Amino acid sequence: MKGIKIHKPTQGQRWVVADVHANLKTLQYLVEKKLRLRLEDQLFLLGDYLNRGPDSKGVIDYLIELQDDDFQLYPLRGNHEQMLLDSHEKAKNYSEEELRLPSIQRGRGLKDAKRQLYPKYLNFLGSLPYYYELDEFYLVHAGFNFTVKNPLSDLDAMLWTRDFTERFIPEKINYKRVIYGHTTTPLSAIKEAVTNKAQAIPLDNGCYKHSLDEYGHLCAFNLDTWELVCQKNLDKGSDAQ
Ligand SMILES: [Mn+2]
């Protein structure tokens, strides 16, 4: 499934959270203590749940758990999920010897000894869409390619576009606002985009960059009130798996 249209709930809030990057404690604190997510709310996630932080598997397990508990979770595909899916496909053709190479042993608890994703994770990751279209927003991991006739046809651009900004969106195009992650953006620039109601709003504050000024928060954006809630990194570790 490339993209999915999601309509506004009759009650409840709509939140978007950008690149979690394996920072489980930060995500849980943001969702449970700050947003106080309820069953009638919608929670959109912009992809990149894995790598860089300490607990990739924990984050995926948590998202699956929220879905199992009937929370309205709308996760997108990021380039890190795509890379993991690609490595799963590639590993099907590896020999025993190749499977022992250090370069392909990074399963992060999501893969078996043959470097194949466990079915539970393959199902979750394989079904992630590339974008969501809401009544007044597009949500995407990295951005859209406006140099092609139909920006919604370039899936690679949705995962990999670097440094997307509202300048990428031609003025004559009447496009819904775009909320995106992928490119780490200083907190002041995120706040400025929200205040200015920019045509494209970056939301990835590089949660894993917890030692840098202006970075190191996991941010949630309220699609109805335009409130921005940012939680400082509570995980601090690096990905050792
Ligand atoms: Mn990314």
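Reading the values: the criteria
Residues numbered from 1 in each chain as written. Predicted model: local features only at pLDDT ≥ 70, side-chain atom pairs only at ≥ 80, totals over all residues. Heavy atoms only, no water. Helix = DSSP H or I, 4+ residues; strand = E, 2+ residues; numbered from the N terminus. Rg over C-alpha atoms; globule rule 2.2 N^0.38 Å. Contact = heavy atoms within 4.5 Å. Areas by Shrake-Rupley, 256 points an atom, 1.4 Å probe, with all protein chains shown as cover. Lys, Arg positive; Asp, Glu negative; His and termini not counted. Charge placed at Lys NZ, Arg CZ, Asp CG, Glu CD. Salt bridge = Lys/Arg side-chain N within 4 Å of Asp/Glu carboxyl O. Buried < 20%, exposed > 50% of the residue type's maximum accessible area, 1.4 Å probe, protein only. Donors = N, O, S within 2.8 Å, 3.2 Å for Na, K, Ca; no water. Pairing = 2+ DSSP bridges. Right-handed = clockwise from strand over helix to strand, strands pointing away. Arc of directions from axis to C-beta.

K.L.:
Mind showing me how you'd approach the overall build of the chain here?
P.N.:
Each helix and strand in the chain was counted, giving seven helices and ten strands. Here the C-alpha atoms of the chain give a radius of gyration of 18 Å, agreeing with the 18 Å that 2.2 N^0.38 yields for 241 residues. C-alpha extents for the chain along the principal axes are approximately 55 × 45 × 35 Å. Considering only contacts within the chain whose residues lie at least 6 apart along the sequence, 70% involve residues at least 24 apart. For the chain, the exposed surface amounts to about 11,600 Å²; the carbon and sulfur share of it is 48%. Looking at charge distribution, the chain has the averaged site of its 32 positive side-chain charges lying 1 Å from that of its 34 negative ones.

K.L.:
Help me understand the pattern of salt bridges, please; the structure alone is not making it clear to me.
P.N.:
Note on pairing: side chains with opposite charge can pair once their charged atoms come close. Applying the stated rule across the entire model yields ten salt bridges. Across the pair Asp-224 and Lys-8 runs a salt bridge whose closest N-O atoms are separated by 3.4 Å. Of this pair, Asp-224 sits in the loop between strand E9 (217-222) and strand E10 (228-232) while Lys-8 is found in the loop between strand E1 (3-5) and strand E2 (14-17), placing the two residues 216 residues apart along the sequence. A relative accessible area of 45% places Lys-8 in the partly exposed class. Between Glu-136 and Arg-14 there is a salt bridge whose closest N-O contact spans 3.0 Å. With a gap of 122 residues between them, Glu-136 in the loop between strand E5 (131-133) and strand E6 (137-140) and Arg-14 in strand E2 connect regions that are remote in the sequence. Its relative accessible area of 30% is what places Glu-136 among the partly exposed residues. On the basis of relative accessibility, which here comes to 1%, the residue Arg-14 falls in the buried class. Here the residues in one salt-bridge network are Lys-8, Arg-14, Glu-136 and Asp-224, joined through shared partners.

K.L.:
What should I look at first to understand the coordination of the manganese ion in this one?
P.N.:
Around a metal, the ideal angle is 109.5 degrees if four donors adopt a tetrahedral arrangement and 90 or 180 degrees if six donors adopt an octahedral arrangement. Here the manganese ion is held by the protein donor atoms Asp-48 (OD), Asn-79 (OD1), His-141 (NE2) and His-182 (ND1), which lie 2.1 to 2.2 Å from it. Each donor residue of the manganese ion lies on one chain, and together they are spaced D-x30-N-x61-H-x40-H. Separated by 103 residues along the polypeptide, Asn-79 in helix H3 (residues 79-91) and His-182 in the loop between strand E7 (177-180) and helix H7 (187-195) bring together distant segments of the chain. Considered together, Asn-79 and His-182 belong to a single accessibility category, that of buried residues.

K.L.:
Sorry, what's going on with the pairing of strand E4 (residues 72-75) here?
P.N.:
Within a regular strand, side chains alternate between the sheet's two faces. A one-sided burial pattern is seen for E4, the buried positions being Leu-73 and Pro-75 and the unburied ones Gln-72 and Tyr-74. In this sheet, E4 lies alongside strand E3 (residues 42-45) in parallel orientation, the contact comprising four bridges. Counted as the bridge partner of Phe-44 is Tyr-74 from E4. One crossover worth recording links E3 to the parallel E4 by way of helix H2 (residues 56-68), and it is right-handed.

K.L.:
In this structure, what is going on with helix H5 (residues 119-126)? I would like to understand it.
P.N.:
Helical geometry: 3.6 residues make up each α-helical turn, so side chains three or four residues apart lie on a common side. Of all the residues in H5, the buried ones are Tyr-121, Phe-124 and Leu-125. Looking down the long axis of H5, one finds its buried residues gathered within 90° of arc, a one-sided arrangement. The exposed residues of H5 that point more than 90 degrees off its buried face are Pro-119 and Asn-123. Buried residues along H5 sit against H2, E4 and H3.

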